[in-house]
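What the coordinates show
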Amino acid sequence: MSDLRRSVEYSKHYKYNWHQEKKAELKMRKKKSGFKSDPIKRFDELKKSGRLSGLHGVVAILGGRIVFEQYVDGNDMKWAHPLENVRFGPNTLHDIRSVTKSIVGLLYGIALGEGRVAELDEPIVSQFPKYTDLASDPKRKRLTIRHALTMTLGMAWNENTPYTDPANSEIAMEQVSDRYRFILDRPILAEPGRGWIYSGGAVALLGKIIERGTGQALPTFANEKLFSHLGIDSIDWIRSQDGEASAASGLRMTPRSLARIGQMILNEGESEGCSVVPKSWLHESFQPSAIVDIGWPGMRYGYLWYVGEEAITEKTGTYGERFVCALGNGGQRLFVFPGLDFVLVITAGNYNSPDQWKVPAALLYEVFLPSLTDI
């Protein structure tokens, strides 16, 4: 991230019904469950060129089935701990880093749908009543759960520096004795809702609210209400030195498991005919609330999910293909394209590298989108 304080656009004209668009796009284009050209050839050419250095796994789902799956052995990390010579495969867990944030967004929606957590316009400091000094601050009373979900709290938070640097706010949070006071006590820099500041701290607050509202540890709630319904039975959720499960970046999953979450989103929150995440929550989560500058033109932010639109040129002309995605340090990606009925998961080990975006960008723009369209 760079210059994380961003302008925010709450624009009514940009709202759209994400799932209705999915149905309309599929009906209009009559997509088939197959690629229009071979992605394997494109993938092999990229790999031979050396431009996929650090790649560990790719899983693509089209039309509800896995149509592409590749793994590449290499060195990895489990948070800050090096893992050498990992043989990656379908059952190998991988750090998904900040993709964890987007999954916490789904968990909040599940808990809210069950009436177990506070509504979105409730002051977030009121969920931590033991900090009486902070709760009595009029400015902090204006900070809501919705602001945390959209990362528009307007509080000082710096994740510009590498995650090996103690000046990084998330690293500093991990080293203090009371992370929640640390987060809530940050200086207020702007009016809430008026600027986007990337913040693992905001997600840590949401994770704790889920735990208190449900009476369950975050991993336990996730397993019971989300993962088990998707057939995901192997995950690891890293805990910090204070014993707290990291809501910001602690999940380890297989690429296939992450792809199942993407498919559930395409299925409007359902799996095997059962509702897992409320459809209304997904629709609300994917409304763009903030304009963000992460080096990706036009990218916006919903409730812990990025929302974008790609210009696709086919023989019949150019159109906008909307998508949602979750991004994690090192090149972790989950892309969901409703109009293409397509899910793409990428795992990689290029942690803290300024070029970590290059591998997923090459795969998306030079392998999969061209293979799905008439380019």
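Residues numbered from 1 in each chain as written. Predicted model: local features only at pLDDT ≥ 70, side-chain atom pairs only at ≥ 80, totals over all residues. Heavy atoms only, no water.

A closer look at the overall build of the protein
Per the secondary structure count, the protein includes 13 helices and 17 strands. The C-alpha atoms of the protein give 20 Å as radius of gyration, which agrees with the globular expectation for 375 residues (21 Å, within 12%). A buried classification covers 57% of the 375 residues belonging to the protein. (Helix = DSSP H or I, 4+ residues; strand = E, 2+ residues; numbered from the N terminus. Rg over C-alpha atoms; globule rule 2.2 N^0.38 Å. Buried < 20%, exposed > 50% of the residue type's maximum accessible area, 1.4 Å probe, protein only.)

Re the packing of helix 3 (residues 99–113) against helix 9 (residues 200–214)
Across the interface, helix 3 lies against helix 9 with an axial gap of 10 Å and an inter-helix angle of 35°. For the pair helix 3 and helix 9, the crossing hand works out as left-handed. Together, K101, V104, L107, Y108 and A111 of helix 3 and G200, V203, L206, G207, I209, I210 and T214 of helix 9 make up the contact between the two elements. Its residues assigned to classes, the contact of helix 3 with helix 9 shows eight nonpolar, three polar and one charged. (Axes fitted to C-alpha atoms, helices over the stretch in contact; angles between N-to-C directions. Left-handed = near helix turned anticlockwise from the far one by under 90°. Contact = heavy atoms within 4.5 Å. Nonpolar A, V, L, I, M, F, W, Y, C, P; charged D, E, K, R; others polar.)

Overview of the sheet that holds strand 8 (residues 236–237)
Think of a sheet as strands paired side by side through backbone hydrogen bonds, with each pair either parallel or antiparallel. Taken together, the three strands give an open sheet; going across it, the order is 6-9-8, and neighbouring strands pair in antiparallel fashion. Edge strands, defined here as strands with exactly one partner in the open sheet, are strand 6 (94–95) and strand 8. Pairing geometry for strand 6 and strand 9 (residues 251–253), over two bridges, is antiparallel. Bridging from a neighbouring strand, D95 pairs with R252 of strand 9. (Pairing = 2+ DSSP bridges.)

Brief notes about the packing of helix 3 against helix 11 (residues 255–266)
Packing of helix 3 against helix 11 leaves a shortest axis separation of 13 Å and a crossing angle of 45°. Relative to helix 11, helix 3 is oriented oblique. The way helix 3 lies across helix 11 gives a crossing that is left-handed. In contact with V99, I103 and L106 of helix 3, helix 11 contributes L258, I261 and M264. Class assignment for the residues of the contact of helix 3 with helix 11 results in six nonpolar, no polar and no charged. (Parallel < 35°, antiparallel > 145°, perpendicular 65-115°, else oblique.)

Considering the packing of aromatic side chains
Within this structure, the stated rule accounts for 22 aromatic pairs. Through successive ring pairs, a cluster of aromatic residues spans F35, F43, F68, W296, F323, F335, F337, F342, Y365 and F368. The ring of F182 is capped by R186, whose NZ or CZ atom sits 3.9 Å from the centre of that ring. (Phe/Tyr/Trp six-rings, centres within 6.5 Å; stacked < 30°, edge-to-face > 60°. Lys NZ or Arg CZ within 6 Å of the ring centre and 35° of its normal.)

Topic: the pattern of salt bridges
Applying the stated rule across the entire model yields 21 salt bridges. Salt-bridge contacts for D121 lead to R146; the nearest nitrogen and oxygen are separated by 2.9 Å. Pair noted here: D121 is in the loop between helix 3 and helix 4 (132–135) and R146 is in helix 6 (residues 145–149), with a separation of 25 residues, a long-range link. Residue class for D121 comes out exposed when judged on its relative accessible area of 52%. A salt bridge links K208 to E244, with the nearest nitrogen and oxygen atoms 3.3 Å apart. Taken together, the residues K208 in helix 9 and E244 in the loop between strand 8 and strand 9 connect sequence positions 36 residues apart. A network of salt bridges, in which partner residues are shared, links E114, R116, E224 and K225. (Salt bridge = Lys/Arg side-chain N within 4 Å of Asp/Glu carboxyl O.)

What about the confidence of the model for the protein?
Here the protein shows a mean pLDDT of 91. Residues at 70 or above account for 91%. A low-confidence stretch, residues 1–14 stays under pLDDT 50, and its non-local contacts, those more than four residues away or across chains, total 44 contacts. In the predicted structure, residues 25–32 sits below a pLDDT of 50 and forms 16 contacts with residues beyond four places in sequence or in another chain. (pLDDT = per-residue confidence, 0-100.)

Here's the deal with helix 11
For helix 11, which comprises 12 residues, the first-to-last C-alpha distance of 17 Å matches the rise-based estimate of 16 Å (1.5 Å per residue) to within 8%. Looking at the residues trailing helix 11, positive phi occurs at E268, about 60°. (Expected span 1.5 Å × (residues − 1).)

Thoughts on the side chain of E174
Considering the arrangement of structural elements, one finds E174 in helix 7 (residues 169–175). A polar side-chain atom of E174 sits 2.8 Å from a polar atom in the side chain of R179. Not counting residues within four places of it along the chain, the set of residues in contact with E174 comprises W79, R179, S240, Q241 and S246. (Polar contact = N/O pair within 3.5 Å; in protein donor to acceptor, adjacent residues only side chain to side chain.)

What to know about the side chain of E159
Within the secondary structure, E159 is located in the loop between helix 6 and helix 7. Although E159 is buried, it makes no salt bridge; K101 carries the closest opposite charge, 4.8 Å away. Polar side-chain contacts of E159 include one of 2.8 Å to the side chain of W157. Looking at E159, its side chain comes within polar contact range of the side chain of Y163, at 2.5 Å. (Lys, Arg positive; Asp, Glu negative; His and termini not counted.)

Looking at the environment of L327
Position of L327 relative to the elements: it lies in strand 15 (residues 317–328). The class for L327 is buried, based on a relative accessible area of 13%. Along the sequence, L327 and G200 sit 127 residues apart, while their C-alpha atoms lie 13 Å from each other. Beyond its immediate stretch of four places on either side in the chain, L327 contacts S98, V99, I294, W296, Y306, Q332 and R333.

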